[in-house]
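For reference, the chains in residue letters:
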Amino acid sequence: MRKIVAILMVLLLSAFFVGSCKKSGGTLIGIAMPETHVLRWVKDGASLQKEAEGKGYRAEVQYGSADQVEQNKQIQSFLTQGAKVLIVGCINEGVASVIAEAGRDGVAVIAYDRIISNSADYDYYITFNNFKVGQLQGQSIVNGLNLTAASASAPKYITLFAGSPTDGNAFFFYDGAMSILNPYIDSGVLKVIGPYPRTSDDRDTFMRIATLGWEADRAKQRMENLLNGDARNVTLNAILAPNDTLARAILEACRADAKYPAGRLPITSGQDAEYDSAESIKRGDQYSTVFKDTAMLAQAAIILADQILNNQPINIPGAVLATGDLARIGDTGMKVVNAYLLDPILVTRDNLNVMIDAGFYDDRLDRGILLLN
Ligand code: BGC
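Residues numbered from 1 in each chain as written. Predicted model: local features only at pLDDT ≥ 70, side-chain atom pairs only at ≥ 80, totals over all residues. Heavy atoms only, no water.

1. Section: the overall build of the protein
Link 1 in the chain: Looking only at helices and strands, the protein has 13 helices and 13 strands in total.
Link 2 in the chain: Within the protein, buried positions represent 52% of all 373 residues.
Link 3 in the chain: The long-range share in the protein, meaning contacts at least 24 apart out of those at least 6 apart in sequence, stands at 71%.
Link 4 in the chain: Carbon together with sulfur atoms contributes 53% to the accessible area of the protein, which is approximately 16600 Å² in total. (Helix = DSSP H or I, 4+ residues; strand = E, 2+ residues; numbered from the N terminus. Buried < 20%, exposed > 50% of the residue type's maximum accessible area, 1.4 Å probe, protein only. Contact = heavy atoms within 4.5 Å. Areas by Shrake-Rupley, 256 points an atom, 1.4 Å probe, with all protein chains shown as cover.)

Listed below in structure tokens is the structure:
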């Protein structure tokens, strides 16, 4: 009897072993995305998985619910499962402890879209030119207000919003935008209503315009407060909004104010080319967005992972290694990692087709084709 049980056990174990071997064919890439309340990350996760599997890797995606403690657990689980590469869009610098663990295990880490600050335990970062994202936002406001033709005797009024101070990108977006807007503020044709940090280095003032966790409700609330406070006696002509999710929340607050009926909303920037914002731009509500083709970013990240795993020289089509002034995009505060940059594109009502042409709305294709074309 005992012999039969033993044989059965061996059979069972070998069946399990064969099964798990089959399941584990291919090197594991662990993909940790920060949140789902900003839609792009859901697309990023799906694109990364598709690209990784397309190259024969096993890929697992986890979303961190904007909670670094939760994301750290997810990353730890990737390490336990034997992941060889981690692709991490982090929430804040609290990720550094698990990145150090990965470093000790010899696991390569790629910071994805957002830098991993205060860490010297990784070498690669793939993102967009985030300073340029901000410049495009600033430029769209210059264009939308026709500021080059405006005069200080009839100034335009703007209010400023920034992204989450826990996200290194937020500083680059803001500084890029202000590098374009500050000259108009200096000459008096553009007046800031509410707090005005000239750059993000003015950290105390920056914190007053920042939006913790990129949460739409916080931005909406702050806009409501402005409308009832600093902006009560003026009509705003423009709003610097750092991304689409926040732009739509801010515009919602404006729409509830009788001073801003449809067609008279402030010229408002954005970023991410979210479908709902493309529709809003088409309607003439939001003014602009910045298209960052995240499908291309995901493809680039997997090419990078593949080259690292195969000890090949890094050569990523469509991405350039940040050098000179731009190299600071890769500054973690403890070292400068290799930052590979993709190019963002400014989108207004005139060129909404670039997202369609890129197949960016594939997951909602019918609505995209119907409403945007
Ligand atoms: C990304 C943006 C995004 C924001 C909020 C930033 O790090 O670069 O694309 O809108 O996070 O999720």
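2. Focus on the packing of aromatic side chains
Link 1 in the chain: For the coordinates displayed, the defined rule picks out 6 aromatic pairs.
Link 2 in the chain: Look at Phe173 and Trp214: their rings are 6.2 Å apart centre to centre, the planes differ by 65°, and that puts the pair in the edge-to-face class. Placement of the pair is Phe173 in helix H6 (residues 168–186) and Trp214 in the loop between helix H7 (203–209) and helix H8 (216–228), with a sequence separation of 41 residues.
Link 3 in the chain: A relative accessible area of 6% places Trp214 in the buried class. (Phe/Tyr/Trp six-rings, centres within 6.5 Å; stacked < 30°, edge-to-face > 60°.)

3. Quick look at the side chain of Asn130
Link 1 in the chain: Structurally, the position occupied by Asn130 is in helix H5 (residues 130–145).
Link 2 in the chain: A relative accessible area of 0% places Asn130 in the buried class.
Link 3 in the chain: Dropping the residues within four chain positions of it, Asn130 is found in contact with Asp113, Tyr125, Asn169, Phe172, Phe173 and Ile329.

4. Here's the deal with the sheet that holds strand E4 (residues 108–112)
Link 1 in the chain: An order of E2-E1-E3-E4-E5-E12-E11 is seen for the 7 strands of this open sheet, with the pairing classed as mixed. The sheet is open, and its two borders are formed by strand E2 (58–63) and strand E11 (320–321), each paired with just one other strand.
Link 2 in the chain: As paired strands, strand E5 (residues 124–128) and strand E12 (residues 338–342) are joined by 5 bridges and run parallel to one another. Bridge pairing links Thr127 to Leu341 in E12.
Link 3 in the chain: Packed on one face of the sheet, helix H3 (residues 68–80) meets strand E1 (28–33), E2 and strand E3 (85–88) and runs near 180° to E1. (Pairing = 2+ DSSP bridges. Axes fitted to C-alpha atoms, helices over the stretch in contact; angles between N-to-C directions.)

5. As for the site of the ligand
Link 1 in the chain: Within the structure, the ligand sits among 14 residues, and Glu35, Asp113, Arg114, Asp167 and Asp272 are positioned closest to it.
Link 2 in the chain: For the ligand, an oxygen atom lies 2.8 Å from a polar atom in the side chain of Arg40.
Link 3 in the chain: Arg114 places a side-chain nitrogen or oxygen 2.8 Å from an oxygen atom of the ligand.
Link 4 in the chain: The set of elements that each furnish at least two residues to the shell around the ligand consists of helix H2 (40–54) and H6.
Link 5 in the chain: Residues that form the shell around the ligand fall into these classes: 4 nonpolar, 3 polar and 7 charged.
Link 6 in the chain: Two domains share the shell around the ligand, each providing at least three of its residues, namely domain 1 (2–128 + 293–343) and domain 2 (130–271). (Near = heavy atom within 4 Å. Polar contact = N/O pair within 3.5 Å; in protein donor to acceptor, adjacent residues only side chain to side chain. Nonpolar A, V, L, I, M, F, W, Y, C, P; charged D, E, K, R; others polar. Domains from an automatic or database assignment.)

6. Side note on the packing of H2 against helix H11 (residues 294–309)
Two numbers describe a pair of packed helices, the interaxial angle and the distance between the axes.
Link 1 in the chain: Contact geometry for H2 and H11: axes closest at 8 Å, N-to-C directions at 40°. On the basis of the axis angle, H2 is oblique to H11. Here H2 and H11 pass one another in a crossing that is right-handed. Listed contacts from H11 to Arg40, Asp44, Ser47, Leu48, Glu51 and Ala52 of H2 are Thr294, Ala295, Leu297, Ala298, Gln299, Ala301 and Ile302.
Link 2 in the chain: Residue composition of the contact of H2 with H11, grouped by class: 7 nonpolar, 3 polar and 3 charged. (Parallel < 35°, antiparallel > 145°, perpendicular 65-115°, else oblique. Left-handed = near helix turned anticlockwise from the far one by under 90°.)

7. Notes on the packing of H5 against H6
Link 1 in the chain: The geometry of H5 relative to H6 is characterised by a closest axis approach of 7 Å and an angle of 35° between their N-to-C directions. As H5 runs across H6, the sense of the crossing is right-handed. Between H5 and H6, the residues in contact are Asn130, Phe131, Val133, Gly134, Gln135, Gln137, Gly138, Gln139, Ile141 and Val142 and Asn169, Phe172, Phe173, Asp175, Gly176, Ala177, Ser179, Ile180, Leu181 and Tyr184, respectively.
Link 2 in the chain: For the contact of H5 with H6, the per-class residue count stands at 10 nonpolar, 9 polar and 1 charged.

8. Examining H11
Link 1 in the chain: Its 16 residues place the ends of H11 22 Å apart at the C-alpha level, agreeing with the 22 Å of an ideal helix rising 1.5 Å per residue.
Link 2 in the chain: By the criterion of burial, H11 is predominantly enclosed, with 12 of the 16 residues buried.
Link 3 in the chain: For H11, the set of buried residues is Thr294, Leu297, Ala298, Ala300, Ala301, Ile302, Ile303, Leu304, Ala305, Asp306, Gln307 and Ile308.
Link 4 in the chain: Taken together, the buried residues of H11 touch E1, H2, E3, E4, E5 and E12.
Link 5 in the chain: Of the residues flanking the start of H11, the one acting as N-cap is Asp293, its side-chain oxygen 3.1 Å from the backbone nitrogen of Ala295.
Link 6 in the chain: Downstream of H11 by a residue or two, Asn311 has a phi angle that is positive, lying close to 55°. (Expected span 1.5 Å × (residues − 1).)

9. Structural notes on the domain arrangement of the protein
Link 1 in the chain: Along its sequence, the protein is carved into domain 1 (2–128 + 293–343) and domain 2 (130–271).
Link 2 in the chain: The centre of domain 1, based on its C-alpha atoms, is set 34 Å off from the matching centre of domain 2.
Link 3 in the chain: At the interface, 13 residues of domain 1 touch 13 residues of domain 2.
Link 4 in the chain: Where domain 1 abuts domain 2, roughly 1000 Å² becomes buried across the two surfaces, and 47% of that area is made up of carbon and sulfur atoms.
Link 5 in the chain: Considering only the surface of domain 1 that becomes buried against domain 2, His37, Arg114 and Arg328 emerge as the three largest contributors, covering 35% of it.
Link 6 in the chain: Applying the counting criterion to the domain 1 and domain 2 interface returns 2 salt bridges.
Link 7 in the chain: Run the count over domain 1 and domain 2 and you get 8 residue pairs in polar contact (both at pLDDT 80 or more).
Link 8 in the chain: For the side of domain 1 that touches domain 2, the per-class residue count stands at 6 nonpolar, 3 polar and 4 charged. (Buried area = accessible area lost by both parts, 1.4 Å probe. Salt bridge = Lys/Arg side-chain N within 4 Å of Asp/Glu carboxyl O.)

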